[in-house]
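In case you want the letters, here they are:
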Amino acid sequence: MTGFGVSTSSADGYVSPDVLARAVEERGFDWLLFDDHSYFPADTPAQEEIPAAFRARLPLVRDLPVVLAYALSATRTLVVGSGVALLPQRDVLHTGKAVATLATLSADRLVLGVGVGWNMGEVRNHGAEPATRGAKLDEQLTALRAIWTHEVTEFHGDHVDFGPIESRPRPGSPVPIYVGGASKAALSRTVRLADGWLPLAPGTTADDVRSVRAWFAQQGRADLGTTVTEVPSEERLAANYLEAGVDRVLFHLDPLNEGDTLAALDAPAQIAERLK
């Protein structure tokens, strides 16, 4: 079944996540994903090409688990999640507890999109090493699934080491994990450890989607879902992704005030209705 949704940032001074989530659900969308940044390093090298509007918004991004809780508590059917959570910058045990709590309190309406992060200063200040953040994410995903599944679990890896531990709540059904990114490492991680792929529309064409989905099938993972995020509100582009085999199109929404947010949702909602 074809699905549609919205991908956005929840930022200080803009529409609250509960108001946004209700508006998204009321317009017939089925997914809403929020991005994840804890802060912006003020000493990020000036030569890094970061669009000014995007740069200005990064310090304003609200805390992800709190945002997800607000959005889930305000809705009844909407699937809410991260697009993407920067897990190498987060403690795996706190993450496991937060995700399991959100999943159980929302009747399993949570999806976890994950990524390694792109700002090396942000990565380092959280105590993670840029060169090994991918390996750390792999171990975190394996550990999380064990925490959510077993009565008692332990994990001893190069980057994640704990246990034995007991932790509840545990999700009633597995939390879907989607890997963001189109690098070889990200695609390999998707095949080995995920339930789906979460590419960004900027930099990923419909032909790219076809190629990757064919490669997934060659690896024995034709079951992997594909949700493309940050899609502009352009009907032909959305249709192209659907024709390429994606399961879900998430339209991009910049943080706006409440009134502008409600108005901005109308165009993608109309596109989604025509393409269903």
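Residues numbered from 1 in each chain as written. Predicted model: local features only at pLDDT ≥ 70, side-chain atom pairs only at ≥ 80, totals over all residues. Heavy atoms only, no water.

The name recorded for the protein in an unreviewed UniProt entry is 5,10-methylene tetrahydromethanopterin reductase, from Mycobacteroides immunogenum.

**What about the overall build of the protein?**
Across its full length, the protein holds 11 helices and 10 strands. Taking 276 residues into account, the globule formula puts the C-alpha radius of gyration at 19 Å, and the protein, at 18 Å, falls close to it. Overall, the protein is about 50 × 45 × 40 Å in size when its C-alpha atoms are taken along their principal axes. Put simply, the protein has 276 residues, and 50% of those count as buried. A fraction of 70% describes how many contacts in the protein between residues 6 or more apart in sequence connect residues 24 or more apart. Of the accessible surface of the protein, which amounts to about 12700 Å², a share of 52% is contributed by carbon and sulfur atoms. Here the protein holds 25 positive side-chain charges and 36 negative ones, and the gap between their average locations is 3 Å. (Helix = DSSP H or I, 4+ residues; strand = E, 2+ residues; numbered from the N terminus. Rg over C-alpha atoms; globule rule 2.2 N^0.38 Å. Buried < 20%, exposed > 50% of the residue type's maximum accessible area, 1.4 Å probe, protein only. Contact = heavy atoms within 4.5 Å. Areas by Shrake-Rupley, 256 points an atom, 1.4 Å probe, with all protein chains shown as cover. Lys, Arg positive; Asp, Glu negative; His and termini not counted. Charge placed at Lys NZ, Arg CZ, Asp CG, Glu CD.)

**Here's the deal with the pairing of strand E5 (residues 153-156)**
Of the two faces of E5, the one holding Thr-153 and Phe-155 is buried and the one holding Glu-154 and His-156 is not buried anywhere. Two strands pair when backbone bridges link them, and E5 and strand E6 (residues 161-165) are joined in this way by three bridges, in the antiparallel orientation. Across the sheet, the residue bridging to Thr-153 is Ile-165, located in E6. What sits between E5 and E6 in their antiparallel hairpin is a turn of four residues. (Pairing = 2+ DSSP bridges.)

**With respect to the pattern of salt bridges**
Scanning all chains against the criterion turns up 13 salt bridges. Of the charged contacts in the structure, one is a salt bridge between Asp-254 and Arg-57, with a shortest N-O distance of 3.6 Å. Highlighted residues: Asp-254 in the loop between strand E10 (248-253) and helix H10 (258-264) and Arg-57 in helix H2 (residues 52-57), separated in sequence by 197 residues. A salt bridge links Arg-221 to Asp-223; its shortest N-O distance comes to 2.9 Å. The exposed category is assigned to Asp-223, whose relative accessible area is 54%. Through salt bridges with shared partners, one network takes in Asp-138, Arg-189 and Arg-192. (Salt bridge = Lys/Arg side-chain N within 4 Å of Asp/Glu carboxyl O.)

**A look at the pairing of strand E2 (residues 31-34)**
Every second residue of E2 is oriented toward a common face, with Trp-31 and Leu-33 on one face and Leu-32 and Phe-34 on the other, all of them buried. Where strand E1 (residues 3-8) and E2 come together, four bridges link them in parallel fashion. From the neighbouring strand, Thr-8 faces E2, where its bridge partner is Phe-34. Bridging between E2 and strand E3 (residues 79-86) involves four bridges; their strand directions are parallel. Looking across to E3, one finds that Phe-34 is bridged to Ser-82.

**A closer look at the packing of helix H8 (residues 206-218) against helix H9 (residues 235-243)**
Between two packed helices, both the angle of their axes relative to each other and the distance between the axes serve to describe the pair. Direction vectors running N to C along H8 and H9 enclose 15°, while the axes themselves pass 8 Å from each other. The angle between H8 and H9 falls in the class roughly parallel. Both H8 and H9 take part in a crossing whose hand is right-handed. On H9, the residues touching Ala-206, Val-209 and Arg-210 of H8 are Asn-240, Tyr-241 and Glu-243. Across the contact of H8 with H9, the residue classes break down as three nonpolar, one polar and two charged. (Axes fitted to C-alpha atoms, helices over the stretch in contact; angles between N-to-C directions. Parallel < 35°, antiparallel > 145°, perpendicular 65-115°, else oblique. Left-handed = near helix turned anticlockwise from the far one by under 90°. Nonpolar A, V, L, I, M, F, W, Y, C, P; charged D, E, K, R; others polar.)

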